[in-house]
Structure formats: C-alpha cells, structure tokens
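# Structural overview
Spelled out, the chains give:
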Amino acid sequence: MARGENKQIAINMFAQIAVFGIQFCISFFLTPFIVRTLGVEAYGFVGLSNNIIGYMQVITVALNSMAARFISIEYHNGNFQKANQYFSSVFYANSILNVVISVICLCFAFFLEYIINIPNTLIPDVKCLFLLLTVNTVLNLTFNVYTVSPFIKNRLDLNSIRNLISTIWRTIILLFLFLLFAPRVSYLGIASVLASVYLVIANIVIKRKLTPEFHLSRKNYDWKSTREILSSGVWNLLISVSTMLEKGFDLLFANWFIGNAIMGMLSVVSTITVLIPRVLKMANSSFAPKITEYGAKGDIEGIKRNVFKSVKIMSIMVILPLSVLYVYGESFFTLWLPNQNSSLLYVITILTTLDMIFGMPLEVCWNIFGATNKVKMPAIAMFVTGGLTFLSLLVLLYIYKDPTAQLICLASARTFWNIIKNLTFLPFYGARCLNLKWNFFYHSMAKPVLGIFIALSICQTYRFMIVPNTWVEFILSSILVCLSALIVGSLFILPKKDIKYIFQKIRK
C-alpha cells in the first residue's frame with residue numbers, strides 16, 4: 001500500500017533531519033580533533049581544494065541538475081523506454097565529462113603551489129589531497145544518475161540512511177588513520193574516496209530495488225535526449241556559476257589576500273554556517289517529489305498546497321538554529337574553539353546567516369522553478385547576485401587592508417545581495433510561475449518572517465539573563481531558547497486551527 005502524501009513527506013523530512021543531527025554531532029567532535037592534530041592552516045586547505053574542484057565540476061550541472069525531472073516525469077507517465085533513454089544518456093554523458101574534469105584537475109595539481117599559497121612543508125600533502133578529492137568527485141559523478149530512484153519513488157529517507165552510513169564509515173576511517181599514523185591532511189581525501197565507494201554500491205542496490213525498470217545500456221544512449229536535458233539545464237549551469245561567484249571564492253580570496261590562518265578560521269566557521277542551510281534545504285527537498293509530480297500533471301492546487309506547508313515548516317525550522325546561534329553563538333565558539341577569537345567568530349556567524357531569515361521561508365520557490373521548467377529567470381537573477389557579490393568582494397578587499405575587516409567583508413557581501421534577491425525576485429517570480437497574483441508569496445511570507453524576527457528578538461533577553469560557562473549549561477540554555485523561540489514563532493507562523501490542534505494533542 002502506498003504511503004500517504006503527508007506521511008511520506010514527514011518521514012522524508014524526519015529522516016533527513018535525524019541524519020543531519022547525527023552528522024552534526026560527528027562533525028562537532030571531529031572538527032576540533034582534526035584542527036588540533038593538523039593545525040588550523042592545514043585544515044583550511046581541505047575546503048579550498050574542494051572549492052577548486054567545484055569550479056571544474058560546474059560543467060556537469062547543466063546535465064545533472066535536470067536529469068531527475070526528465071526521468072521522473074517519463075517514469076510517472078508510464079513511458080519507461082523514454083525514461084531509460086534519459087537514464088543511460090546521463091550516465092554515459094557523465095562518463096565523458098569525467099575525462100574532461102580529470103585532465104583539468106591533473107593540470108591544476110601539477111601547478112597547485114603556483115596557484116594558491118601553500119607552506120613548503122605542506123605542498124606534497126596538499127597535492128595528494130587534491131588528487132584524492134578529484135578521484136572522489138569523478139566516482140560520485142559517474143554514478144550520480146543512480147540517485148534518481150529514491151526521488152522518483154518519493155523515498156528520500158533511503159538517501160538519508162545511505163548518507164548516514166557513509167558519514168559513520170568516513171569518520172571511522174579518519175580516526176583510524178589519525179590515531180595510528182602521523183597526521184596528514186591527505187587522510188581526509190582517503191576517507192572521502194572510501195566513503196564514496198560505499199555510496200556507489202548503496203545507490204546501485206537502491207536503484208535495483210526501487211526502479212528495476214531501469215537498465216543501463218549503450219543502446220539506450222540518445223544524443224537528442226542528452227541535448228534536451230542540457231538545453232533545460234543550461235540555466236541551472238548559470239545558477240551554479242552564480243553560486244560559485246557568491247561563496248565559492250571565500251577561501252581562495254582569504255588565501256590570496258589575508259593568509260592561511262584566516263582561511264583556516266573561515267573554513268572552521270563554515271562547518272557550522274554551511275550545515276544549517278544544508279539541513280533546511282534537505283528538509284525542503286522533501287516537498288520536491290510531490291511538487292514535481294503535481295507539475296507533471298498540471299495540478300496547480302496540489303503545488304499550492306505543498307507551498308503553504310513548506311513556507312510554514314521552513315519558517316519554524318529556521319528559528320531553532322538561529323535562535324541558539326544569535327543568543328549563545330559567542331559562548332558556543334568559546335567552548336568549541338577556546339584558542340580562537342570567539343567574539344569575531346560570533347559576528348561573522350551572524351553576518352553569514354542573516355539572509356536565511358528571508359530566504360528559507362521561500363526556499364520552496366526553487367522547487368517550483370524546477371517543477372515548472374522555468375529556470376531561465378532564476379538563473380539570470382542568481383548570476384546578477386553572484387556577480388555583484390564577487391565584484392563587491394574584490395573592491396572591499398582592495399580598499400580594506402586590515403585582516404579583521406577583510407574577514408567581515410567576506411562574510412557580509414553575499415548576505416547583503418542575497419537579502420535583496422530574496423525580497424524582490426523570489427516572491428515575485430515564484431508567483432508568476434504558478435500564474436498567481438504577484439503578491440501571493442509576499443502575503444505568504446509576511447507573518448512567518450515577522451514571527452522569526454519577534455522570536456529571535458525576544459530570545460535575546462536570555463543572553464543577558466543566563467551566561468553558560470560549561471557544555472552542560474550551554475545545552476540546557478539552548479534547549480530553553482529553542483522552546484521559547486518555537487512557541488513564540490508558532491503563534492505568528494501557524495494558523496489558529498493548527499495551534500488549536502497542537503494544544504489538543506498536548507492535552508491528550
């Protein structure tokens with residue numbers, strides 16, 4: 001028996017959040033251990049190497065970003081032959097792209113010490129890390145199309161379980177290497193490759209179980225199908241370039257303009273600030289399969305129903321991590337990284353996450369753009385935002401020479417332009433894609449955003465009332481802040497009938 005729509009969305013969301021929680025705990029304990037073992041400078045090269053490889057990987061976005069949509073629509077329409085054509089075409093096209101990426105990355109690896117600033121003692125190890133991360137990227141890209149099966153069957157919870165096992169496996173490998181051998185930054189590359197080997201095997205098994213109709217065959221490769229996906233995904237390529245312009249150069253600019261120590265600090269902070277939007281976007285992705293299905297059927301009411309759910313749920317969810325960071329962020333960094341400047345890290349964290357207040361309630365708009373295959377204007381808007389961020393950073397880093405000021409510029413430029421985008425383009429064009437009134441999303445987001453601001457403002461009083469000095473005090477204080485923020489935010493975000501329903505359940 002098929003699971004109900006709301007039940008499966010809840011299962012998908014719970015699974016992804018639970019996995020995130022476990023991954024966060026692992027990262028929480030593992031990051032300080034690695035930083036103490038390697039040093040903050042060496043740790044910064046992990047993020048920087050991933051970013052540089054990401055520059056090459058951008059060329060794959062046009063194909064892979066829309067593959068799930070095309071395969072899913074044909075599958076739901078019962079056209080398995082066409083779905084198989086898309087499936088095989090994406091696989092073999094990715095194999096060709098892997099050759100291109102490998103050649104470019106090999107050239108980069110050869111001249112790496114001339115492209116970025118690397119201490120002489122770390123050059124061989126960083127080069128080895130870069131090559132291993134390249135292998136990891138190629139491996140994941142080759143079998144990327146196999147991840148479409150859970151999306152088609154709306155079983156994203158299986159992806160969450162798979163990712164959790166991969167994270168645990170990667171952590172075990174890292175601890176084994178760091179505890180038994182002399183510390184090297186390249187161990188993170190080894191662990192990533194071995195974790196990806198498991199992911200590939202798991203993806204193949206899940207594909208066979210959920211969608212046995214898919215068969216990889218060179219006979220099914222079709223250039224027209226590949227070109228069709230590319231023509232639609234080219235705008236997502238522009239979005240990916242825009243994202244790279246927005247935040248893909250932070251560590252590289254820190255390496256060029258400021259220094260490796262600051263680059264490492266920025267990389268460590270991003271461990272927290274990147275995880276928050278990632279889990280929220282993971283939760284929002286739980287709505288994507290149904291929105292895509294409704295889009296394929298032309299069911300606008302079904303899409304609107306999921307939009308309302310997403311706006312409310314995402315607004316409540318974003319309150320929880322932001323309330324803790326904004327109230328006790330400085331205390332957190334003091335306890336987590338006692339040898340670093342916790343006040344500066346706290347300010348950077350706030351500057352980096354402010355745009356989420358306006359962006360997360362409207363995260364569902366990105367699902368709408370994909371489901372309706374209207375990605376041209378979002379791509380252009382993202383490119384403009386990314387370009388302005390990139391140019392702003394170049395100007396600001398040239399004007400300000402103080403390392404602290406430069407670090408603050410790196411944190412705030414992207415946030416500023418994202419807030420403008422979230423308040424102008426997203427709500428307007430999201431409504432247009434659904435043929436709704438231009439102010440539909442403004443009405444939908446007004447109370448949630450107000451609720452977020454009020455909840456975060458009220459919770460600031462705890463910052464002066466309770467100052468945690470130990471981890472136990474921090475955890476207890478954070479729970480109190482989360483509960484307060486959740487109650488206050490829900491009163492503004494949820495409709496009265498939902499609040500009444502919740503209270504009835506609590507009484508029972």
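Residues numbered from 1 in each chain as written. Predicted model: local features only at pLDDT ≥ 70, side-chain atom pairs only at ≥ 80, totals over all residues. Heavy atoms only, no water.

### Digging into the overall build of the protein
In terms of helices and strands, the protein carries 25 helices and 0 strands. In terms of overall dimensions, the protein has a C-alpha envelope of 60 × 60 × 45 Å along the principal axes. For the protein, the residues scored as buried account for 55% of the 508 residues in total. A separation threshold of at least 6 residues defines the contact pool for the protein, and within that pool the share at least 24 residues apart is 84%. Summing over all exposed atoms, the protein offers an accessible surface of approximately 22700 Å²; the carbon and sulfur share of this is 68%. Of the side chains in the protein, 42 bear a positive and 20 a negative charge, and the two mean positions are spaced by 8 Å. (Helix = DSSP H or I, 4+ residues; strand = E, 2+ residues; numbered from the N terminus. Buried < 20%, exposed > 50% of the residue type's maximum accessible area, 1.4 Å probe, protein only. Contact = heavy atoms within 4.5 Å. Areas by Shrake-Rupley, 256 points an atom, 1.4 Å probe, with all protein chains shown as cover. Lys, Arg positive; Asp, Glu negative; His and termini not counted. Charge placed at Lys NZ, Arg CZ, Asp CG, Glu CD.)

### Re empty space enclosed by the protein
To find the voids left in a structure, one rolls a probe of water-molecule size over its atoms. Applying the stated criterion to the full structure yields 2 cavities of 30 Å³ or more. In this model, the second largest cavity occupies a volume close to 40 Å³. Along the walls of the second largest cavity sit V35, V40, M265, V268, L337, Q340 and L345, which together make up its complete lining. Here the lining of the second largest cavity is built from residues that sort into 6 nonpolar, 1 polar and no charged. (1 Å grid on protein atoms, 1.4 Å probe; cavity = no way out; pocket = protein on both sides within 12 Å on 5 of 7 lines; lining within 4 Å. Points joined across faces, edges and corners; volume = space filled by probe spheres on them. Nonpolar A, V, L, I, M, F, W, Y, C, P; charged D, E, K, R; others polar.)

### Side note on the side chain of N422
Structurally, N422 can be placed in helix 21 (residues 403–433). Given a relative accessible area of 5%, N422 falls into the buried group. Reaching out from N422, the side chain makes a polar contact with the backbone oxygen of D355 at a distance of 3.5 Å. Dropping the residues within four chain positions of it, N422 is found in contact with D355, F358, G359, L362 and P427. (Polar contact = N/O pair within 3.5 Å; in protein donor to acceptor, adjacent residues only side chain to side chain.)

### Description of the pattern of salt bridges
All chains considered together, the criterion is met by 3 salt bridges. Close ionic contact of E330 with R463 constitutes a salt bridge, the shortest N to O distance being 3.6 Å. Pair noted here: E330 is in helix 16 (residues 300–336) and R463 is in helix 23 (residues 461–465), with a separation of 133 residues, a long-range link. For R463, a relative accessible area of 28% translates into the label partly exposed. We note a salt bridge from R414 to D355, for which the minimum N-O separation is 3.7 Å. Of this pair, R414 sits in helix 21 while D355 sits in the loop between helix 17 (342–353) and helix 18 (356–359), placing them 59 residues apart in sequence. D355 carries the same exposure label as R414, and that label is buried. (Salt bridge = Lys/Arg side-chain N within 4 Å of Asp/Glu carboxyl O.)

### Focus: a nonpolar patch on the surface
On the surface, a nonpolar cluster with roughly 570 Å² of combined accessible area is contributed by W471, V472, I475, L476, I479 and L483. Turning to its location among the elements, V472 is positioned in helix 24 (residues 471–493). (Patch = residues over 30% accessible without salt bridge, like charges linked within 9 Å, V, L, I, M, F, W, Y side chains within 5 Å.)

### Observations regarding the packing of aromatic side chains
Here the distance between the centres and the angle between the planes together describe a pair of aromatic rings. Evaluation of the coordinates by the stated rule reveals 28 aromatic pairs. Seen in terms of ring centroids, F369 and Y429 are 5.6 Å apart; in terms of plane orientation they differ by 50°. Their pairing is tilted. Of this pair, F369 sits in helix 19 (residues 364–371) while Y429 sits in helix 21, and the two are 60 residues apart along the sequence. An identical accessibility class is assigned to F369 and Y429; each is buried. Every member of this aromatic cluster is reached through a ring pair, and the members are Y75, F80, F87, F91, Y92, F143, Y146 and F214. The ring centre of Y86 lies 4.9 Å from the NZ or CZ of K82, which sits over that ring. Cation over ring: K401 sits above Y398, and NZ or CZ is 4.8 Å from the ring centre. (Phe/Tyr/Trp six-rings, centres within 6.5 Å; stacked < 30°, edge-to-face > 60°. Lys NZ or Arg CZ within 6 Å of the ring centre and 35° of its normal.)

### Topic: the confidence of the model for the protein
Confidence in the prediction of the protein, expressed as mean pLDDT, is 81, and 93% of residues score 70 or more. When mean pLDDT is compared element by element in the protein, helix 10 (residues 187–210) scores highest at 89, while helix 25 (residues 496–507) scores lowest at 56. (pLDDT = per-residue confidence, 0-100.)

### Some thoughts on the packing of helix 12 (residues 250–258) against helix 21
Helix 21 packs onto helix 12 with a crossing angle of 165° between their chain directions and a minimal axis gap of 11 Å. In terms of orientation, helix 12 lies roughly antiparallel with respect to helix 21. Pair helix 12 / helix 21 crosses with right-handed handedness. On helix 21, the residues touching D250, F253, A254, F257 and I258 of helix 12 are P403, Q406, L407 and L410. In terms of residue class, the contact of helix 12 with helix 21 is made up of 7 nonpolar, 1 polar and 1 charged. (Axes fitted to C-alpha atoms, helices over the stretch in contact; angles between N-to-C directions. Parallel < 35°, antiparallel > 145°, perpendicular 65-115°, else oblique. Left-handed = near helix turned anticlockwise from the far one by under 90°.)

### With respect to the nonpolar core
Within the largest apolar cluster, 117 residues are counted, with the highest numbers of intra-cluster contacts made by L188, L280, V307 and F441. With residues up to four places along the chain from it excluded, the contact list for L280 reads M314, M317, V318, M356 and M360. The next biggest cluster of nonpolar side chains, apart from the first, holds 19 residues, and it includes F70, V145, Y146 and I229. (Core = buried A, V, L, I, M, F, W, Y, C linked by side-chain atoms within 4.5 Å.)

### A word on the packing of helix 9 (residues 156–180) against helix 10
It is the contact of helix 9 with helix 10, at a shortest axis distance of 9 Å, that shows an interaxial angle of 155°. If you check the angle between helix 9 and helix 10, you find them roughly antiparallel. Here helix 9 runs over helix 10; the crossing is right-handed. Its residues placed into classes, the contact of helix 9 with helix 10 shows 18 nonpolar, 4 polar and 2 charged.

### Side note on helix 19
Helical geometry: 3.6 residues make up each α-helical turn, so side chains three or four residues apart lie on a common side. Most of helix 19 sits out of view: 7 of its 8 residues are buried. Inspection of helix 19 places V364, C365, N367, I368, F369, G370 and A371 among the buried residues, and these make up the whole buried set. Phi turns positive, to about 55°, at N373, one or two residues after helix 19.

### Concerning the side chain of S186
As for its position among the elements, S186 is in the loop between helix 9 and helix 10. What makes S186 buried here is its relative accessible area of 4%. Once you skip the residues sitting within four places of it in the chain, S186 turns out to touch D125, C128, L129 and L132.

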